[in-house]
Amino acid sequence: MDDKIKTIKIAEEYSPIVKGRHYPEDGKFTGDRFRKEFLEPIFNDYDIIRIDLDDSYGYPSSFREEAFGGLARAFSIKEVLEKLEFICTDEPPLIKLIEDDIKNANK
Amino acid sequence: MHFSLINNNEESLKFFNDFFDLIDRGYYKFLFNMREVKKLDIEVLLYIISLDKIYKEKINIQLNIKVPTEQTLKYIMIASGFTKYFKSNVDIDEIDEENIFPICDGATNRLNKKDDARTCADAVDFAKKFFDYSERKNQIFRLLYTSLAELMLNTDNHAYDEDVEDSIINNWYLFAVKIGDNILFYFFDNGKGITKTARPKIIDKAYGLINLEQKNILQSVLNGEFRSKTGIRHRGKGLPQINDLLTDNQVGLSVILTNRVFRYHSNKEEYQKVPYDFRGSLFIWTISLVKVEGDSHG
């Protein structure tokens, strides 16, 4: 049976200018808001969630950690690493940084 | 006098520390007479704006300024956006928006309901326009965006006493200007300073010392060796990310001034003690418009 796949392009579906951990004190487009609105509600509905990181201004560490590290704290590091895939032609090393954020979510 | 926190920090910091002493002794009406100032650097203007906002709000200090007689300095004060903080009727036609990203600050953003992330993006767009289209995907711009975002967040999260809620007092200031083949960025936050907000317990644990030199504290925080004041386990990556920008090949030189330590970086880093306390954290860096040898970002 084919995997059930969902693709989310952050710059188009959320915002190209993300910043900070917590909404609203850190900004409008924060990591926790992205996680709660885009990732957590569908996490169990798909086999693969593909995150397209291109066409954004950049991903500050606070946003990354809260969105993806936070997802690993809400579910598990193993599940998140298995389910999330990343596309980033603009800044390929970013994928490794996000994977580290997930792996280090409880450190 | 060369009024500069970087190039003449002894005399300039003494001036501000004398000002703080006079406030502590009950004085409340001040005249900053800058008529004889012959050279003036932008970071001093950011510092003066922040002092004016803090003291006006906190203890009703009256701060008046006599501008320098030197025409170039008068122009700098208007063109940088400094004067608009003190006068409402400044002719904005005099501001050279092509080459200047005028002084902006977090409190004004909050007042105007502008997301700080928008300001980060505006600053990146300001820098990008000096580069050829083919270079606009350069990683330096992503690093610039993420660093500005983290600097602003550090201001909100770490720079202040927990009981201070006033959004005017808690503030960052940003300014940028293109000069020759470089774009200069100035970022100042008026908090306690980096070495005072690094977690003392973590420092003690890491080094077994109570009175570490400020140089070592700053160096360790920038390298991500211990956490900042939030103390939450998975945090503390903001300043190392900022340091990635400040030490990037495309950044010709950068300085950090915070509390009693000054770091200069140009190919290699140098730390100096400063003779007087500096209240807050100042970051200045240049982005070179000239392609850098061995640059891997393109």
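Our subject in this report is the structure included herewith. (Residues numbered from 1 in each chain as written. Chains lettered and ligands numbered in written order. Predicted model: local features only at pLDDT ≥ 70, side-chain atom pairs only at ≥ 80, totals over all residues. Heavy atoms only, no water.)

## Considering the overall build of chain A
If you tally the helices and strands in chain A, you get 5 helices and 3 strands. What you see in chain A, going N to C, is helices and strands ordered as β-α-α-β-α-α-β-α. Here the C-alpha radius of gyration of chain A, 13 Å, is about what a compact globule of 107 residues would show, namely 13 Å. Along the first, second and third principal axes, the C-alpha atoms of chain A reach 40 × 30 × 25 Å. By residue count, 53% of the 107 residues in chain A fall in the buried class. Of the roughly 4,900 Å² of accessible surface on chain A, a fraction of 49% belongs to carbon and sulfur atoms. (Helix = DSSP H or I, 4+ residues; strand = E, 2+ residues; numbered from the N terminus. Rg over C-alpha atoms; globule rule 2.2 N^0.38 Å. Buried < 20%, exposed > 50% of the residue type's maximum accessible area, 1.4 Å probe, protein only. Areas by Shrake-Rupley, 256 points an atom, 1.4 Å probe, with all protein chains shown as cover.)

## Some points on the packing of aromatic side chains
All names here are of chain B. Under the definition given, this model contains 31 aromatic pairs over all chains. Ring centres 5.8 Å apart and planes at 50 degrees place the aromatic pair Phe19 and Phe20 in the tilted group. The exposure class of Phe20 is buried, given its relative accessible area of 2%. A ring pair is formed by Phe101 and Phe126, whose centres lie 5.7 Å apart and whose planes are at 50 degrees; its orientation type is tilted. Separated by 25 residues along the polypeptide, Phe101 in strand 5 (residues 100-105) and Phe126 in helix 5 (residues 116-128) bring together distant segments of the chain. In this structure, Phe101 and Phe126 share a single accessibility class: buried. Here the aromatic residues Phe3, Phe15, Phe16, Phe19, Phe20, Phe30, Phe32, Tyr47, Tyr173, Phe188 and Phe278 are joined through ring pairs into a cluster of three or more. (Phe/Tyr/Trp six-rings, centres within 6.5 Å; stacked < 30°, edge-to-face > 60°.)

## Remarks on the pattern of salt bridges
Residues and elements named next belong to chain A. This structure, assessed with the given rule, holds 20 salt bridges over all chains. The closest approach of N and O atoms between Arg50 and Glu85, which form a salt bridge, is 3.0 Å. Pair noted here: Arg50 is in strand 2 (residues 48-52) and Glu85 is in strand 3 (residues 84-87), with a separation of 35 residues, a long-range link. Residue classification places Arg50 among the partly exposed residues on the basis of a relative accessible area of 27%. (Salt bridge = Lys/Arg side-chain N within 4 Å of Asp/Glu carboxyl O.)

## What about helix 5 (residues 93-103) of chain A?
The periodicity of an α-helix, 3.6 residues per turn, causes residues three or four positions apart to be oriented the same way. Of the positions making up helix 5 of chain A, those classed as buried are Leu94(A), Ile98(A), Asp101(A) and Ile102(A). Down the axis of helix 5 of chain A, the buried side of the element spans an arc of 100 degrees, and every buried residue falls inside it. (Arc of directions from axis to C-beta.)

## Points about the sheet that holds strand 5 of chain B
Residue and element names in this part refer to chain B. Read across the sheet, 5 strands follow the order 5-6-7-9-8 without closing on themselves; strand pairing throughout is antiparallel. Of all the strands in the sheet, just strand 5 and strand 8 (251-266) have a single pairing partner and so form its edges. Put simply, the sheet's adjacent strands are angled 15 degrees from each other on average, direction ignored. Note that strand 5 and strand 6 (residues 172-179) share 4 bridges and pair antiparallel. Bridging from a neighbouring strand, Phe101 pairs with Ala176 of strand 6. Relative to the sheet, helix 9 (residues 214-222) contacts strand 8 and strand 9 (268-288), its axis offset from that of strand 8 by approximately 130 degrees. (Pairing = 2+ DSSP bridges. Axes fitted to C-alpha atoms, helices over the stretch in contact; angles between N-to-C directions. Contact = heavy atoms within 4.5 Å.)

## Looking at the packing of helix 2 (residues 31-39) of chain A against helix 3 (residues 61-74) of chain A
All names here are of chain A. The interhelical angle for the contact between helix 2 and helix 3, taken along N-to-C directions, is 40 degrees, at an axis separation of 7 Å. For the element pair helix 2 / helix 3, the angle class is oblique. Taken as a pair, helix 2 and helix 3 cross one another with a handedness that is right-handed. Together, Gly31, Asp32, Phe34, Arg35 and Leu39 of helix 2 and Phe63, Glu66, Ala67, Phe68, Gly70 and Leu71 of helix 3 make up the contact between the two elements. Each residue belonging to the contact of helix 2 with helix 3 can be placed in one class, and the counts come to 6 nonpolar, 2 polar and 3 charged. (Parallel < 35°, antiparallel > 145°, perpendicular 65-115°, else oblique. Left-handed = near helix turned anticlockwise from the far one by under 90°. Nonpolar A, V, L, I, M, F, W, Y, C, P; charged D, E, K, R; others polar.)

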